[in-house]
Amino acid sequence: MSGLIGSKLGMTQVFDAEGRIVPVTVVDVGPCVVTQKKTMERDGYEAVQLGFGAAKEKHLDRPRIGHLKAAGTKLMRTLREFRGAWDVNVGDEVGASLFEGGQKVDVTGTTVGKGFAGTIKRHGFTSGPRSHGSMNVRAPGSIGQCAWPSRVFKNKKLPGHLGDVRRTVQALKVFQVLPEENLLLIKGAVPGPVGGLVIIRPSVKG
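These figures come from a predicted structure and were not determined experimentally.

### Quick word on unusual backbone geometry
Turning to step 1, where the next piece is worked out: Each neighbour pair has its own omega, and for Gly30 with Pro31 the value is 15 degrees, a cis peptide bond.
Turning to step 2, where the next piece is worked out: Assignment of secondary structure puts Pro31 in the loop between strand 2 (21-28) and strand 3 (32-38).
Turning to step 3, where the next piece is worked out: With phi around 60 degrees, Asp164 is a residue other than glycine that occupies positive phi space.
Turning to step 4, where the next piece is worked out: With respect to the helices and strands, the residue Asp164 is situated in the loop between strand 9 (160-162) and strand 10 (166-178).
Turning to step 5, where the next piece is worked out: Using a relative accessible area of 48% as the deciding quantity, one classes Asp164 as partly exposed.

Pasting the structure below:
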């Protein structure tokens, strides 16, 4: 078992067996189609390439169209490769039944982009005094030296672009699997906006 590609549908809450409310993220995982299988003999490593999300030919470039047509599969919008041996063949469909309730998974996605942000929002800086003519309420303050080295060191925490980065949340629990709808209910929050692409793999932490 390697993993699945999915789309984040949003968050909701469900009740567990003891009647407690559990926040969950609903992820649509397909079905995903096996579009390529790599072997040690031919490629030097073992991996499976999955496709997710049907697409029209006019929305894909010619190399991807040729690749998918040669594999004999329908056109897919997203392709991702999962390392490791997997007992599947090109053209097979895999879905939510790949996982089971209570299993730990690692979820990778692209966080929500928040645009340009200052140091208070971006790095959690404390604001300056807000009275008696203060001119330093949300400014970052001193960021360097005077005569030497006469520059700002790299990696200084400064204002800049916030969010829209790839992040992985580890050891999340699969609360429930709905194989008929190809949905996974994952306990807690996963990175990304509603409709964002996520990669779900078995947790490396067990």
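### Observations regarding the sheet that holds strand 6 (residues 93-94)
Turning to step 1, where the next piece is worked out: Pairing is antiparallel in the open sheet, where four strands are placed in the order 5-4-3-6. Pairing within the sheet leaves two strands with one partner each, and these edge strands are strand 5 (76-83) and strand 6.
Turning to step 2, where the next piece is worked out: Sheet topology note: the strand 3/strand 6 ladder contains two bridges and is antiparallel. Of the residues in strand 6, the one forming a bridge with Cys32 is Val94.
Turning to step 3, where the next piece is worked out: Helix-sheet contacts for helix 2 (residues 62-71) involve strand 3, strand 4 (47-54) and strand 5, and the interaxial angle to strand 5 is about 70 degrees.

### Examining the environment of Val29
Turning to step 1, where the next piece is worked out: On the secondary structure map, Val29 appears in the loop between strand 2 and strand 3.
Turning to step 2, where the next piece is worked out: Sequence separation between Val29 and Glu93 is 64 residues; the distance between their C-alpha atoms is 11 Å.

### Re the pairing of strand 4
Turning to step 1, where the next piece is worked out: In terms of burial, strand 4 is largely enclosed, as seven of its eight residues are buried.
Turning to step 2, where the next piece is worked out: One ladder, built from five bridges, connects strand 3 with strand 4; its direction is antiparallel. Note on strand 4: the bridge partner recorded for Lys38 is Ala47.
Turning to step 3, where the next piece is worked out: Relative to strand 5, strand 4 runs antiparallel, the two sharing seven bridges. Across the sheet, the residue bridging to Leu50 is Arg80, located in strand 5.

### Digging into the sheet that holds strand 11 (residues 183-187)
Turning to step 1, where the next piece is worked out: With antiparallel pairing, six strands are arranged side by side around a closed barrel as 1-2-11-10-7-12. Geometrically, the sheet is characterised by an average inter-axis angle of 50 degrees between neighbouring strands, direction not taken into account.
Turning to step 2, where the next piece is worked out: Looking at chain direction, strand 2 and strand 11 are connected through five bridges and run antiparallel. Looking at strand 11, one finds that Val24 is bridged to Lys187.

### So, the pattern of salt bridges
Any two side chains of opposite charge can pair, given that their charged atoms come close.
Turning to step 1, where the next piece is worked out: On inspection of all chains with the given rule, the structure shows six salt bridges.
Turning to step 2, where the next piece is worked out: When the shortest N-O distance is used, the salt bridge between Asp16 and Arg20 registers 3.1 Å.
Turning to step 3, where the next piece is worked out: Of the charged contacts, one joins Glu18 and Arg20 as a salt bridge, the two residues approaching to 3.1 Å between their closest N and O atoms.
Turning to step 4, where the next piece is worked out: Judged by relative accessible area, which is 62%, Glu18 ranks as exposed.

### Observations concerning the packing of aromatic side chains
Turning to step 1, where the next piece is worked out: Enumeration over the complete set of coordinates arrives at zero aromatic pairs.
Turning to step 2, where the next piece is worked out: Between the NZ or CZ atom of Arg83 and the centre of the ring of Tyr45, over which it lies, the distance is 4.0 Å.

Calculation rules
Residues numbered from 1 in each chain as written. Predicted model: local features only at pLDDT ≥ 70, side-chain atom pairs only at ≥ 80, totals over all residues. Heavy atoms only, no water. Helix = DSSP H or I, 4+ residues; strand = E, 2+ residues; numbered from the N terminus. Buried < 20%, exposed > 50% of the residue type's maximum accessible area, 1.4 Å probe, protein only. Pairing = 2+ DSSP bridges. Contact = heavy atoms within 4.5 Å. Axes fitted to C-alpha atoms, helices over the stretch in contact; angles between N-to-C directions. Salt bridge = Lys/Arg side-chain N within 4 Å of Asp/Glu carboxyl O. Phe/Tyr/Trp six-rings, centres within 6.5 Å; stacked < 30°, edge-to-face > 60°. Lys NZ or Arg CZ within 6 Å of the ring centre and 35° of its normal.

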